[in-house]
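Take a look at the letters that make up each chain.
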Amino acid sequence: MNGDPTPDPGPDESAGVRRRGGPGVVAHRGASAALPEHTLAAYELAIEQGADGLECDVRLTKDQQLVCVHDRTIDRTSTGTGVVSEMTLAQLREFDFGSWHSAEVSAPVLTLAELLTLTLDQKRRPIRLFIETKHPVRQGGLVEQLLLAELHRFGVAQPPSADHSRAVVISFSTSGVWRIRRNAPMLPTVLLGDTARLFGGSAATAVGATGIGPSIATLREHPDLVDRAAAAGRETYCWTVDEADDVSLCTELGVGWIATNHPDRVYALLNPPAIGA
Ligand code: G3P
Ligand code: CA
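Enquirer: Tell me what's going on with the environment of F172, and back it up with residues and numbers.
Expert: Topologically, F172 is positioned in the loop between β5 (167-171) and α5 (174-183). Residue F172 is classed as partly exposed on the basis of its relative accessible area of 34%. Along the chain, F172 and S202 lie 30 residues apart, while their C-alpha atoms are 14 Å from each other.

Enquirer: Run through unusual backbone geometry, naming residues and quoting values.
Expert: For the peptide bond that leads from H135 to P136, omega is 0°, which places it in the cis range. For P136, the position within the fold is in the loop between β4 (128-133) and α4 (142-153). T240 follows W239 through a cis peptide bond whose omega is -20°. Residue position: T240 is located in the loop between β8 (235-238) and α9 (244-253). For Q64, which is not a glycine, the phi torsion comes out positive at approximately 60°. Structurally, Q64 can be placed in the loop between β2 (53-60) and β3 (66-67). Of note in this structure, E104 is not a glycine but carries a positive phi near 55°. Within the secondary structure, E104 sits in the loop between α2 (89-92) and α3 (112-120). E104 gets classed as exposed once you look at its relative accessible area, which sits at 64%.

Enquirer: Now, about the packing of α3 against α4: what can you tell me, with residues and values included?
Expert: Two elements in contact, α3 and α4, have axes separated by 11 Å at closest approach and are oriented at 35°. Taken as a pair, α3 and α4 cross one another with a handedness that is right-handed. The residues of α4 that touch α3, namely those facing L112, A113 and L116, are L147, E150, L151 and R153. Looking at the contact of α3 with α4 residue by residue, the classes come out as 5 nonpolar, no polar and 2 charged.

Enquirer: I'd love a proper account of the pairing of β4, names of residues and values included.
Expert: Where burial is concerned, most of β4 is hidden: 6 out of the 6 residues are buried. Residue alternation in β4 divides its side chains into two sets, R128, F130 and E132 and L129, I131 and T133, and both sets are buried. Where β4 and β5 come together, 4 bridges link them in parallel fashion. Bridged to F130 within β5 is V168.

Calculation rules
- Residues numbered from 1 in each chain as written.
- Chains lettered and ligands numbered in written order.
- Predicted model: local features only at pLDDT ≥ 70, side-chain atom pairs only at ≥ 80, totals over all residues.
- Heavy atoms only, no water.
- Helix = DSSP H or I, 4+ residues; strand = E, 2+ residues; numbered from the N terminus.
- Buried < 20%, exposed > 50% of the residue type's maximum accessible area, 1.4 Å probe, protein only.
- Axes fitted to C-alpha atoms, helices over the stretch in contact; angles between N-to-C directions.
- Left-handed = near helix turned anticlockwise from the far one by under 90°.
- Contact = heavy atoms within 4.5 Å.
- Nonpolar A, V, L, I, M, F, W, Y, C, P; charged D, E, K, R; others polar.
- Pairing = 2+ DSSP bridges.

Set out below in C-alpha cells:
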C-alpha cells in the first residue's frame, strides 16, 4: 500500500455502486467499535464484514497533506498531542494512532491517498468512500480544493453518474458542499445536519447537495425527512446507526445509506440467514 493511484479498473461497475436492497452499510471511521477509528485495519475489517461504504473525516496537515483524523487535535486518538493543521505529515507519523483503543493495535496516521487506494483496490465489489470535510478550519476552502485534486489524481472526480461514483463528499458546511458541487458537478454530495436547516430542504437545494445527512436522533424526530428528500430527488444518509430498532426504522423509511460503528452487526440485521438455511 503506497498511496499511489492504481491503474487497475477494479470490479465491474457497469451497474453502478449498487446496494443489495435496503440501506447500504457505511462503516463510520471504519469498523470503529472493534478497532481504532481511521486506521487501515479498521477499514479492512469493515470490508470483510460486508460494508458497502466507508466513512472518513479529512483534515489538512501543515504541509497540506490530507489525513484521516476526526478531531482538530491528535490528543484523543494518538500517543502525541497537538493540532493537525500545525503539524507536518512526517511529524504525525512519529505517533501511534492505534494504541489508545482497547484493541491495543499499533497503527500510523492514515492518509486519504492510502484509504482511496484500499477503496479502489477492492476486487469483489465496488466500495464507496464517504469523505467528510471538517469546518471551520484555518485553511478554509483549500481542503475541498486539495480533496478534489486528489480525487482527480485517483480518477474518481468525474463519475459518469452519481450512482456510479466511488466517492461522495459530505460536510456540515454549506460552503464546503457548494465548493465541491461547483467544481465537480458529477460528484455526489451530502449536506450533513441535525438542525432545522435540513427540514425545508432549502439549504440542500441552495448548495446543490445530492443527499441529506441527518443524525439518527433527527430522523427519529422527523421521519418525513426521507420522503421529502426523495421528492426533491435526494438520497438520505443517516448517522450513526448502531441499534437494531434504528436499523429497522431506516429500512422502513427508505434511507439510502446508514453509517455505523458496527458494520458487522448492521450487515447481519439487514441480511438475516434464509429460513431453513
Ligand atoms: O457521517 C457523519 C458523521 O460522521 C458526522 O459526525 O462527528 O462523527 O464526524 P462526526
Ligand atoms: Ca465524520
